[in-house]
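# Notes for the structure review
One-letter residues, chain by chain:
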Amino acid sequence: MAQQQREAVAAPPPEEDLNPYHIAQAQFDWAARYLPELKPGLGEFLKKPKRLVTVEFPIQTEDGTVKNFIGYRALHSRSRGAGKGGLRYHPDVTADEVRALASWMTWKCAIADLPFGGAKGGIVCDPKKLTTNDLRRITRRYIAELGDTIGPHTDILAPDVNTNAETMAWIYDTYEMMHRGQNNLGVVTGKPVDLGGSLGRREATARGCLFATQIALGRGIVPGLDSVKGASVVVQGFGNAGSIAAELFAEAGASIVGVSDSKGGIYQPKGFDPTEARKHKKKTGSVVSLSNTKNVSNEELLALPCDILIPAALENQIRSDNADQVRARFLVEAANGPTTPAADLILFEKGIPILPDILANSGGVTVSYFEWVQNFENEQWDEDIVNEKLQIRMQRATDGVIDKQKEINGSLDTLEKQRKKLGRLGEPLQPVNLRTAAYVLAIQRVAKVTLERGIWP
Ligand code: NAD
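Residues numbered from 1 in each chain as written. Predicted model: local features only at pLDDT ≥ 70, side-chain atom pairs only at ≥ 80, totals over all residues. Heavy atoms only, no water.

## Here we look at the domain arrangement of the protein
Rules: An automatic or database domain assignment is the source of the domain bounds shown. Contact between two residues is taken to exist if any of their heavy atoms lie within 4.5 Å; hydrogens are not considered. Buried area: the accessible surface (1.4 Å probe) lost by two parts on joining, summed over both. Should a side-chain nitrogen of Lys or Arg be within 4 Å of a carboxyl oxygen of Asp or Glu, the pair is scored as a salt bridge. Residues adjacent in sequence count toward polar contacts only when both atoms are side-chain atoms; beyond that, a polar contact is any pair of N or O atoms within 3.5 Å, and within protein one must be able to donate a hydrogen and the other to accept it.
The assigned domain composition of the protein is domain 1 (48–185) and domain 2 (203–362). Distance from the C-alpha centre of domain 1 to the C-alpha centre of domain 2: 27 Å. Each partner contributes to the interface: domain 1 provides 13 residues, whereas domain 2 provides 11 residues. For the pairing of domain 1 and domain 2, the buried interface totals around 930 Å² over both sides, and the portion due to carbon and sulfur atoms is 61%. The largest contributions to the domain 1 side of the interface with domain 2 come from Trp104, Lys108 and Ile111, which together make up 52% of the buried area. The interface formed by domain 1 and domain 2 holds one salt bridge in total. Glutamate 315 is the salt-bridge partner of arginine 88, the closest N and O atoms lying 2.7 Å from each other. Here domain 1 is connected to domain 2 by four residue pairs in polar contact (both at pLDDT 80 or more).

## Side note on the sheet that holds strand 5 (residues 155–159)
Each strand in a sheet pairs with its neighbour through backbone hydrogen bonds, running either in the same direction (parallel) or in the opposite one (antiparallel). Quick reminder of the rule: Here, strands pair whenever DSSP counts at least two bridges between them. A helix here means a DSSP run of H or I that spans at least four residues, while a strand means a run of E at least two residues long, and both kinds are numbered starting from the N terminus. A fitted line through C-alpha atoms represents every axis, and for helices the fit uses only the stretch in contact; the resulting angles, taken between N-to-C directions, go from 0 to 180 degrees.
Here five strands make up an open sheet; going across it, the order is 1-2-4-3-5 and the pairing mixed. Edge positions in the open sheet fall to strand 1 (51–60) and strand 5, since each of these has one partner strand only. Adjacent strand axes in the sheet meet at a mean angle of 25° when their direction is disregarded. When strand 3 (residues 83–90) meets strand 5, the two strands line up parallel, connected through five bridges. For glycine 83, the partnering residue across the bridge sits in strand 5 and is aspartate 155.

The following block contains the structure:
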């Protein structure tokens, strides 16, 4: 009997569904429970992507061999404006990942109140095994294959994992070759600054993340932690979002105690200079083994004691099997989809609030929007102006989500009654976390515009 009991306790939790598209849909369904006014048919329409373009193409790599690649571009919604979303290069890219990322872009643009819908692209490739010339050929061929499914007023690209300003310049150039004689700069954002890029765009995701964190802490989201100043911070992922976040949080007075990249992590409880970590990574290819720090695995990094944990790498990093080990007081999602729904629940029960991705990393697309506006005006705004405008937008977006959480949690009884009246049964409504509040706000905004436009025809 005792043996049986031990086995029962030690049994692993039922396997989690880590398909990002299933996760995005589950998040939508969960939030829709708090929207009794949302008609089921409209909900189904808003939840699903409008289109997924799949392209297959060869390129001749520098070593003379011909290799074939698969690329995707998902358009989730254009209700509020052109599709908008990054392009990712990674061996694990799948159609469902791109679909999920596209839907998160729709909700993010709605929370940031930008005139964009959601889109995302990805190419299945390992950039570490390709030369710059190979990547340029892959990029050009992918854009040529997408043809007129993208455009400055239909679907606009941007950087994401393993793509950067150089990639965006190739995208612009290829599209421009195919559409001579018009201003094509708006087809892609995150371009080099001398090619229509916006000052402040490179730092925008991280800066927006810092602003949102400061605003949320100022509003008392984390009991006993009211400022970034003096807070200990761990960052997972040391690319565009993560490395700049580490530097900006340090500049704002935080102590960076741990960072990691795909090769591993480092920890120093007294704090270290993230700029040294960046220089070390440039020299050696990784943050691992920076002097005066201890090497840790990525799993260990996520479990380090700290005030703020910033996942800034990929999806599904905090799951049912490791959420319980998280010892941070606040989780700020610079990455898209780093926390699974099961982990969300565990952290909610542990009293660890999460600043959700669709709010926390919306600074990137916000400054992409500024870039797009500057491109049509043939203007370049000063960096101070960009950062000021970003701060105003992050304040509005963060306040909007926190206010929505308060509104929902203060009206659970009324919502429950409305649900019952409509015959919607199921589990009773519980207080929502910031992710669900963010979803509710975003769905309301997209639904409103969809109905104002009228369902076609
Ligand atoms: P990037 O390619 O510049 O950096 C990714 C970093 O993550 C690299 O340092 C890589 O080594 C690290 N990494 C990869 N796998 C890891 C793992 N298992 N453990 C630890 N580190 C790992 O990409 P990025 O643009 O910084 O994007 C990171 C995340 O932020 C993604 O989820 C992306 O969608 C999101 N995001 C980026 C932007 C943007 O403007 N770049 C905007 C919004 C959201």
